[in-house]
Amino acid sequence: MMRRPRTTTAKVVENRDMDSDLSFSQTVSSDEDEDIDEWKPPEPKPKAPSRAAKAPAAAGEKKAAAKRTAKPKEPKAPKLPKAPKVPKVPKPRAPRKPAAERKTQAPKVLKDSGAPVSTGAKRKRIDEGKRNDKSAENKGAKQPDCPEGEKAEESGPSIRMKEERVSFIVSDGHQAGEGSSLAGLRPKKEEVEEEDFTFDEPCQKKQKTSGACLGRPTALPSSEVHTLRNELNMNWDLIELLSTLTCVERWVCVNIIGLLREENTVPFMVRYRKDMINHMDADAVRDVQLIYEELCSLAKKTQSVVQTLKKDEVLTAELEQNLRSCRSADELDHVYSPYKKGSKLTKARRAKALGLEAATSALMNTPHTLDLREWVKPGTEGLSSVEEVATGVEHILADMIAKDPETLTYVKTLCENSFVTIQSSVSKSALKEKEQEKSAEGHKKPGAQQNKIKDIDKFHLYVDFTCNIQRIQPHQTLAINRGENLKILTVKVNIPDRLKSDFTRWCINNRWRPKTFAKEELRAVIKNAVEDSFKRLILPFLTRSYRTKLTSAAEKESIAMFVRNLRQRLLVCPVRGCVIMGVDPGFRHGCKLAVLSPTSQILHTDVVYLHNAGQQREAEKLRHLMTKYSCAKVVIGNGTACRETESVFADLISRRCFHPLDVSYCITSEAGASIYSVSPEAVKEMPDMDPNHRSAVSIGRRVQDPLAELVKIDPKHIGIGTYQHDVTAGALKAALDGVVQECVSFVGVDINICSETLMRHVAGLNVGRARNIAEWREQNGPFNNREQLKLVKGMGPKTYQQCAGFIRINPQTLHSAKSSPHPVPEKPAAKKGKGKATNIPTSFNPLDQTCIHPESYHVAQRFLSLVGGSADQIGSAGLQRCVDSKVRTSSVEELARTLDTIPETLKLIIDGLTQPPGFDIRQNFGQADFKRGIVSMSDLRVGAVLTGRVDNTTLFGAFVDIGVGRAGLIHKSNITLDKLPASQRRRSLALGPGERVEVRVLNVDPQRGRIGLDLIRILQ
């Protein structure tokens, strides 16, 4: 009777941009009264915005998406009997699935929803679409099944093995093997997204995790399903919902949850459990982990809310079902907010308290029997007249309309097909302050007011800004939010007026049409209720919903940019084997110098005053220091007086003052150096040194070993990314800490020489365990092998499993460390609390210097016997030839079966055995650029072609250091697909800190200190 129009499903694929994961209909908590206009950014939902932020993909991308998602059919097959809720929508349309699911569940959840039984036709159409997708896949590409796919990947095993050893370098755009630990950025297939390739990271992860069945699909044990379901006590299936939100196959989600529940770290899973996570990269696994934790937190919060409402005696069976069906914190808050203590009683609840709920039910189900005059009670407020009774019924019906999933889904569809815009303008308070400033032009203004005026000028781009809600860029969203928080801008979402008339017509004629004949006055009540619901409840809800999703998407993109920048900054190739002078430049207080040995030991610290009267004398002092310590490399911090100090060094080099030394210098970022110089870590490391000299030491070490030095500094202070103060601090910190752990673990640490600070960031270790390892090392001397880690206090089996593969025992440093006497215990002591002694060997194991995990040593020994080699030959050319010969005659799969292991483990063993001693995954990343001359900004000419190094990337472009003291900006519109190598076309902005590029000067603005650049190509 209340038919659902066919247009609701006909437009599923057309506009995917505003399709969030599931919470359009119930995104934001609100009091349902009409006075709520203020919007506040909520807690971010990491996955929902990833789909909301994507621009509409081109037709080619849609076909590619269909190809990617048809392959997981095989792993899903064994789960069908166990999970009756099979996905009803193919994965490319995953954003629409939760809404569809809720529609089918609506009759269970809301009593008076009156949902028509039209979902069968809808499901039939979707199934037809799914078959079409499958046929398109078969036509487009012949993809093998899982096992054959694995064999196909091994067709060139020797090449693949060599590439595996630099598995982490793919984040810099280098080639990587299929099993690489961070292969998310490698080229997949020849897919070119025609529109807005800049912000497609979520799509890339979907392609990564469901594009090929690389691992082993694992059947979902029914006992585990019931356990998870009982623990969470929610109405949704955790695995199914997690798979939907992350675009990861169910079997992978099951494995990741199992690994997380066993307290495994992300680096450990990515390197040593590739088969279980389908070769996902660390970012994708971290996203799954984050959403899994959010869902568990949501379940706990729901249980708490249910208990609170039960205690207040307001919990009904229907309300509890609604609460347990919520799939996000915003949705839960939306349902719970009317029942919070202290919240204003809504108009609908006041009307229900008067007993008008039965009248509302009669209005919709049996209007021919309803007479509003019978409900009039003279003397009772709210029931004293027919008009008051009608108003109360309208409020209840308006509330029902605003909370009905089908109605909100239809409004969403209307919005998707309408031109919805976001608009910002100067706030009245900001204009008033500006006028006051003009009137008081002659008077001295206080500093706070001056700052406010400057802030207004900063937002000149947004004082009259309007943009389509589906095309606004993340950095624009964050800028608008910042202006709104500073009370400089006012922001509103403009929804077309015609949408109201379309919505009203649909409600009256379809969804909220009475079941029997209704009199004119009752039809007027329904119409008024629909209009009131739209204006007072739905319109503000849509505005808040749009703002929430835009903010979440922008925050996610900003954090992703931070993560990419930090990873590339940490993985800059170290400059080893030479003495380096770090210079912290300054005018009045002089330039602080620190001379560092090739192993980063402090040889000398001093101060020279290069910008004062006695410059010649100071230059002679500088020459003496550099000659004394044979220092030919100078690192200058890019802070105050950097340009002038660089000019002095360039002049001295040109006059051959340092002869016979061939001196060169480089400029490096000193962001965070001053903060670090007064930190407890710096005081502990350099107790008797002046903080200014500590800054110079930090600047020099940033080039000698960037990773070891930068981990001492809070990632937020390293000077990467943008809008760090406008995103959720907790989410940003968790993401950056995860990247630091990932980089430190994948590079590996030499346990006998690494600092306690660096050790903290190894997977499985923390501050306490790192301190215990350092203390054990001081008391007992160097570690001879990984097994001795088990003797350290607090090192249990799980901790040892997580960290052992990332810890190295380097034979050279081991011998040098043994040269200083340490008391080594004769008998290894029993671990405290274990009650039994553990026999730990004290001899050196050659496998401890590789990336092979101790749990695979027995396989590695068998493999060495098979190829006719020994552990003492690790990294030698002879062993390399033996391994290559064996792999050529037998595939990796055959060898894995022979050794009773899996191909992923065998590939890792082959890499560990063939990598040269002291192998560093950072060796293919660019080093700092050393130079001998200087170019000024005045020397630049439009059209000049230069080379430079990317200094920072933002959401709107990349800043490039071209050696003139000012970084130039390549706007993202100039970073086009044809200028990028194939390996970097799927990456956001395709550039990262440290990459060398060739650029053309587009414009130079000396007054504002701005340089516009065009990207020519990326230098490999």
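Higher on the page you've got the structure.
Residues numbered from 1 in each chain as written. Predicted model: local features only at pLDDT ≥ 70, side-chain atom pairs only at ≥ 80, totals over all residues. Heavy atoms only, no water.

Participant: Explain the nonpolar core to me, using residue names and the numbers behind them.
Facilitator: Formed by 101 residues in total, the largest nonpolar core has its most connected members in M280, L323 and I773. Considering each element in turn, this core owes the most residues, 13 residues, to helix α14 (residues 282-311). Grouped together as the second largest cluster of nonpolar side chains are 62 residues, A359, L397, Y410 and Y462 included. (Core = buried A, V, L, I, M, F, W, Y, C linked by side-chain atoms within 4.5 Å. Buried < 20%, exposed > 50% of the residue type's maximum accessible area, 1.4 Å probe, protein only. Helix = DSSP H or I, 4+ residues; strand = E, 2+ residues; numbered from the N terminus.)

Participant: Got a sec to walk through the packing of helix α15 (residues 317-324) against helix α16 (residues 329-336)? Specific residues and values, please.
Facilitator: Look at α15 against α16: their axes get within 9 Å of each other, and the N-to-C directions meet at 160°. Taken together, α15 and α16 sit at an angle that is classed as roughly antiparallel. For the pair α15 and α16, the crossing hand works out as right-handed. Residues L319, N322 and L323 of α15 form the contact with α16, whose participating residues are L332, V335 and Y336. Its residues assigned to classes, the contact of α15 with α16 comprises five nonpolar, one polar and no charged. (Axes fitted to C-alpha atoms, helices over the stretch in contact; angles between N-to-C directions. Parallel < 35°, antiparallel > 145°, perpendicular 65-115°, else oblique. Left-handed = near helix turned anticlockwise from the far one by under 90°. Contact = heavy atoms within 4.5 Å. Nonpolar A, V, L, I, M, F, W, Y, C, P; charged D, E, K, R; others polar.)

Participant: How would you summarise the packing of helix α37 (residues 857-867) against helix α40 (residues 903-914) if you had to cite specific residues and measurements?
Facilitator: Their axes nearest at 10 Å, the elements α37 and α40 cross at an angle of 70°. As far as their axial angle goes, α40 and α37 are roughly perpendicular. Judged by the twist between their axes, the crossing of α37 over α40 is right-handed. Residue-level inspection shows V859, A860, F863 and L864 of α37 in contact with α40, the latter providing L906, I909, I910 and L913. Residue composition of the contact of α37 with α40, by class: eight nonpolar, no polar and no charged.

Participant: Just give me the short version of the side chain of T813, but keep the residues and values in it.
Facilitator: Within the secondary structure, T813 sits in helix α36 (residues 811-818). Reaching out from T813, the side chain makes a polar contact with the side chain of D750 at a distance of 2.6 Å. Of note is the side chain of T813, whose polar atom sits 3.0 Å from the backbone oxygen of N810. The residues touching T813, leaving out its near neighbours within four places in the chain, are D750 and I753. (Polar contact = N/O pair within 3.5 Å; in protein donor to acceptor, adjacent residues only side chain to side chain.)

Participant: Any details on the sheet that holds strand β12 (residues 957-961)? Residues and values, ideally.
Facilitator: Pairing in this closed barrel of five strands is mixed, and the strands run β11-β12-β13-β15-β14 around the ring. Between one strand and the next, the sheet's axes are offset by a mean angle of 55°, whatever the strand orientation. The pairing of strand β11 (residues 945-953) with β12 spans four bridges and is classified as antiparallel. Its bridge partner lying in β12, V950 is registered against V960. (Pairing = 2+ DSSP bridges.)

Participant: Before we move on, can you summarise helix α32 (residues 729-747) with the specific residues and values?
Facilitator: The terminal C-alpha atoms of α32, which comprises 19 residues, lie 27 Å apart, in line with the 27 Å expected from a rise of 1.5 Å per residue. Every buried residue of α32 is listed here: L732, A735, L736, G738, V739, V740, E742, C743, V744, S745, F746 and V747. Looking one or two residues past α32, G748 carries a phi angle of roughly 90°, positive in sign. (Expected span 1.5 Å × (residues − 1).)

Participant: How would you explain the side chain of K712 if you had to name every residue and give the values?
Facilitator: Examined against the element boundaries, K712 turns out to sit in the loop between α31 (706-710) and α32. When its relative accessible area of 14% is taken as the criterion, K712 is described as buried. Here the side chain of K712 touches E685 through a polar contact of 3.2 Å, side chain to side chain. Those residues in contact with K712 that lie beyond four places of it in its chain are Y676, E685, R701 and T757.

Participant: Residues and numbers for the pattern of salt bridges, please.
Facilitator: Where charged atoms from two side chains of opposite charge come close, those side chains can pair. Evaluation of the coordinates by the stated rule reveals 35 salt bridges. E855 is the salt-bridge partner of R273, the closest N and O atoms lying 2.8 Å from each other. With R273 in the loop between α13 (266-272) and α14 and E855 in the loop between α36 and α37, the pair connects residues that are 582 residues apart, well separated along the chain. Here the salt bridges do not stand alone but share partners, grouping D283, R286, R567 and E742 into one network. (Salt bridge = Lys/Arg side-chain N within 4 Å of Asp/Glu carboxyl O.)

Participant: So, the pairing of strand β6 (residues 602-608): which residues are in play, and what are the values?
Facilitator: Sheet analysis places strand β5 (residues 591-596) next to β6, joined by six bridges and oriented antiparallel. Looking across to β6, one finds that A594 is bridged to T605. Between β5 and the antiparallel strand that follows it, β6, lie five residues; S600 among them carries a positive phi value of about 70°.

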